[in-house]
Amino acid sequence: MTIEFIEKYLENKLRENEEYIVCTFYDLRVKHNLSDDDVDKFLEWSRNKLQNMGYKVFFTGAKFVYQNANRTVQDNELMIAIKE
């Protein structure tokens, strides 16, 4: 896994919805075949990049409020980023 992969992945996610980004277990581990270590690096680098871009970042199990609703990052969701 490279920084180029992260950049391209996040660019695609931003094109889908720049207000609410969801990275799932299936997408990273199964579809892109990343190892556990690669997923950890991906999440760390993505968190830093997204926070620098003005996003709040939440990981599995975290509780947050979005569109006036209490939400929780589900077990199959590794990361959710919301534009501030």
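Residues numbered from 1 in each chain as written. Predicted model: local features only at pLDDT ≥ 70, side-chain atom pairs only at ≥ 80, totals over all residues. Heavy atoms only, no water.

Asker: Even after reading the chapter, I still don't get the overall build of the chain, so can you show me in this structure?
Answerer: Across its full length, the chain carries three helices and five strands. Ordering the α and β elements of the chain from the N terminus gives α-β-α-α-β-β-β-β. Against the globule reference of 12 Å for 84 residues, the chain gives a C-alpha radius of gyration of 12 Å, in line with a compact fold. Viewed in the frame of its principal axes, the chain has a C-alpha envelope of about 35 × 25 × 20 Å. Expressed as a percentage of the 84 residues in the chain, the buried residues total 35%. Pairs at least 24 residues apart make up 58% of the contacts formed inside the chain by residues separated by at least 6 positions. Summed over all atoms, the accessible surface of the chain reaches about 5,500 Å², with 44% contributed by carbon and sulfur. Charge separation in the chain, taken as the distance between the mean sites of 12 positive and 15 negative side-chain charges, equals 3 Å. (Helix = DSSP H or I, 4+ residues; strand = E, 2+ residues; numbered from the N terminus. Rg over C-alpha atoms; globule rule 2.2 N^0.38 Å. Buried < 20%, exposed > 50% of the residue type's maximum accessible area, 1.4 Å probe, protein only. Contact = heavy atoms within 4.5 Å. Areas by Shrake-Rupley, 256 points an atom, 1.4 Å probe, with all protein chains shown as cover. Lys, Arg positive; Asp, Glu negative; His and termini not counted. Charge placed at Lys NZ, Arg CZ, Asp CG, Glu CD.)

Asker: Would you explain the side chain of Ser-46 in this entry?
Answerer: Here Ser-46 is to be found in helix 3 (residues 36-52). Under the relative-accessibility criterion, Ser-46 is labelled buried at 0%. Ser-46 has contacts with Ile-6, Leu-10 and Met-79, leaving out every residue within four places of it along the chain.

Asker: Is there a simple way to explain the packing of aromatic side chains in this structure?
Answerer: Considering all chains together, one arrives at five aromatic pairs under this definition. Site record: aromatic cluster; members linked through ring pairs are Phe-5, Tyr-9 and Phe-42. (Phe/Tyr/Trp six-rings, centres within 6.5 Å; stacked < 30°, edge-to-face > 60°.)

Asker: Can you walk me through the pairing of strand 1 (residues 20-24) in this structure?
Answerer: Across a regular strand the side chains alternate sides, sitting on one face of the sheet and then on the other. Counted residue by residue, strand 1 has four buried out of five residues, so it is predominantly covered. Where strand 1 meets strand 5 (residues 77-83), five bridges bridge the pair, whose relative direction is antiparallel. Residue pairing for strand 5: Thr-24 is matched across the bridge by Glu-77. (Pairing = 2+ DSSP bridges.)

Asker: What is the right way to read the environment of Phe-5 from this model?
Answerer: Note that Phe-5 resides in helix 1 (residues 3-16). Taking the relative accessible area as the measure of exposure, Phe-5 reaches 22% and is therefore partly exposed. In sequence terms Phe-5 and Phe-42 are 37 residues apart; their C-alpha atoms lie 9.1 Å from each other. Those residues within four positions of Phe-5 in sequence are excluded, and the remaining contacts are His-32, Leu-34 and Phe-42.

Asker: Help me understand the nonpolar core in this model?
Answerer: A general feature of soluble globular proteins is that nonpolar side chains tend to end up buried together. With 16 residues, the main nonpolar core has Cys-23, Leu-28, Phe-42 and Leu-50 as its most contacted residues. In terms of residue count, the dominant contributor to this core is helix 3 (four residues). Non-local contacts of Phe-42, meaning those with residues more than four positions away in its chain, are made with Met-1, Phe-5, Ile-6, Tyr-9, Cys-23 and Leu-28. Ranked by size, the runner-up nonpolar core spans eight residues in total, among them Tyr-20, Phe-64, Val-73 and Ile-80. (Core = buried A, V, L, I, M, F, W, Y, C linked by side-chain atoms within 4.5 Å.)

Purely geometric stuff here, so don't read any function into it on its own.
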